[in-house]
Amino acid sequence: MTILITAGPTYERIDPVRFIGNYSSGKMGLALAAECASRGMEVSLVLGPVTIQSPVFNNPHIHITRVESAQQMFDAAAHIFPHCHAAILCAAVADFTPVSVASQKIKREGDELVLRLKPTRDIAAHLGTMKRTDQVLAGFALETNDEQTNAQSKLNRKNLDFIVLNSMNDANATFGYDTNKITIIDHFGSNAYPLKPKTQCAKDIVDKLLITAKNKLKTK
Ligand code: C5P
């Protein structure tokens, strides 16, 4: 089985020395890549700019494409997905990027600086339109409010098979932590898991992925 995983943040350049980014560490995506490889899958990992070290970087079954921006992640993911049986989109992709990148460092002058931003393309939604009936597509939803409703709406809007919800309101979960508290939602219901190490969450997510793939094969 071959799988695409997106992980980490994206950086959107403002000028040669500055960017707009987010606090994603990449830990959840790296744990997923390691778990998939340990179950015999060939993993294509499209990885944003992370700073942590991981054994994943030396695993011969994990093929890494390093990217910086949302557009680069989009191009890599759209290129790789048709060759995969499944994808888990774990990356925290920037929703907006500067309209233009200054060629020289922006100087401190005036009372305020206005940055014009344009929306990035939604990788998950695009892969959702490309998805074949034999492919499994899973996404993440990191929410601060109306968690279930927002996750459910993303599941449908992006044509995902299931979505992994995590909330910024849970202690010791999400960005930067080694633990996470997830709820997996599919088109039939949802399953809430207790707080666990991200390596254990990865096992639960890959179990769900394999069950979903099996069910798809049965209904074909
Ligand atoms: O940003 P949002 O909450 O809509 O993202 C939820 C899911 O969509 C995640 O799986 C994330 O990786 C994916 N996403 C993406 N491309 C974007 C924005 C989000 O693949 N531009």
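Look up a bit, the structure's there.
Residue indices follow the written sequence of each chain, beginning from 1 at its first position. Totals for whole chains, interfaces and linings use every residue, but because this is a predicted model, local features are given only for residues with pLDDT of at least 70 and side-chain atom pairs only at 80 or more, for both listing and counting. Side-chain calculation: all heavy atoms of the structure are included, whereas hydrogens and water are not.

**Quick word on the overall build of the chain**
For the chain, the helix and strand inventory stands at 5 helices and 14 strands. Throughout, the radius of gyration refers to the C-alpha atoms, and the reference size of a globule is 2.2 Å times the residue count to the power 0.38. Taking 220 residues into account, the globule formula puts the C-alpha radius of gyration at 17 Å, and the chain, at 18 Å, falls close to it. The principal-axis extents of the C-alpha atoms in the chain amount to approximately 65 × 35 × 35 Å. The proportion of buried residues among the 220 residues of the chain is 47%. Note on definitions: a residue-residue contact is assigned when non-hydrogen atoms from the two residues lie within 4.5 Å. Counting only contacts in the chain whose residues sit at least 6 apart along the sequence, the fraction spanning at least 24 positions is 62%. Summed over all atoms, the accessible surface of the chain reaches about 11700 Å², with 52% contributed by carbon and sulfur. A run of DSSP states H or I qualifies as a helix once it reaches four residues; a run of E qualifies as a strand once it reaches two. Both are numbered from the N-terminal end. For each residue, the accessible area found with a 1.4 Å probe, counting protein chains only, is set against the maximum for its type, and the residue is called buried under 20%, exposed over 50%, and partly exposed in between. Note on areas: Shrake-Rupley, 1.4 Å probe, and residue coverage restricted to the protein chains presented here.

**Some details on the packing of aromatic side chains**
Whether two aromatic rings pair depends on their centres lying within 6.5 Å, for rings of Phe, Tyr and Trp, where Trp uses its six-membered ring; planes under 30 degrees apart make the pair stacked, over 60 edge-to-face, and the rest tilted. This model, assessed by the stated rule, comprises 1 aromatic pair. Pairing Tyr-11 with Phe-19 gives two aromatic rings, centres 3.7 Å apart and planes at 10°, and the pair type is stacked.

**With respect to the environment of Val-99**
Mapped onto the secondary structure, Val-99 falls in the loop between strand S7 (96–98) and strand S8 (117–119). With relative accessibility at 44%, the residue Val-99 sits in the partly exposed group. Spatially, the C-alpha atom of Val-99 lies 33 Å from that of Phe-162, the residues being 63 residues apart in sequence.

**Examining the sheet that holds strand S5 (residues 62–66)**
Read across the sheet, 8 strands follow the order S5-S4-S1-S6-S9-S10-S12-S13 without closing on themselves; strand pairing throughout is mixed. Each of the sheet's edge strands pairs with one partner strand only, and the pair in question is S5 and strand S13 (190–192). On average, each strand axis in the sheet is tilted by 15° relative to the strand beside it, whichever way the strands run. Strand direction decides the pairing type here: strand S4 (residues 42–47) and S5, joined by 5 bridges, are parallel. Bridging across to S5, Val-46 finds its partner in Thr-65. The axes are straight lines fitted to the C-alpha atoms, using for helices just the contacting stretch, and the angles between their N-to-C directions are given from 0 to 180°. Lying over the sheet, helix H3 (residues 123–130) contacts strand S1 (2–7), strand S6 (86–89) and strand S9 (136–143), oriented at roughly 155° with respect to S9. Strand pairing is assigned whenever DSSP identifies at least 2 bridges connecting the two strands.

**Some thoughts on the nonpolar core**
Put simply, buried Ala, Val, Leu, Ile, Met, Phe, Trp, Tyr and Cys residues joined by side-chain atoms within 4.5 Å make one nonpolar core. Ile-3, Ile-5, Leu-32, Val-43, Leu-45, Ile-88 and Ile-205 are the most contacted members of the largest nonpolar core, which has 34 residues in total. Breaking this core down by element, the ones donating at least two residues are S1, helix H1 (27–38), S4, S6, S9, strand S10 (162–167), strand S12 (182–186) and helix H5 (198–219). Here this core takes 7 residues from H1, the largest share from any one element. Not counting chain neighbours up to four residues away, the residues in contact with Leu-45 comprise Ile-5, Ala-7, Leu-30, Ala-33, Val-56, Ile-62, His-63, Ile-64 and Thr-65.

**Some words on the pattern of salt bridges**
A side chain with one charge may pair with a side chain of the opposite charge, provided their charged atoms come close. Any Lys or Arg side-chain nitrogen located within 4 Å of an Asp or Glu carboxyl oxygen qualifies as a salt bridge. The final tally for this structure, using the stated rule, is 13 salt bridges. A salt bridge links Lys-154 to Glu-143; the nearest nitrogen and oxygen atoms lie 2.6 Å apart. Separated by 11 residues along the polypeptide, Lys-154 in helix H4 (residues 147–157) and Glu-143 in strand S9 bring together distant segments of the chain. One salt bridge connects Lys-208 with Asp-186, and the closest N-O pair in it is separated by 2.7 Å. With Lys-208 in helix H5 and Asp-186 in strand S12, this residue pair connects regions lying 22 residues apart in the sequence. For the pair Lys-208 and Asp-186, a shared accessibility class is recorded, and that class is buried. Salt bridges sharing common partners tie together Glu-35, Arg-39, Lys-203 and Asp-207.

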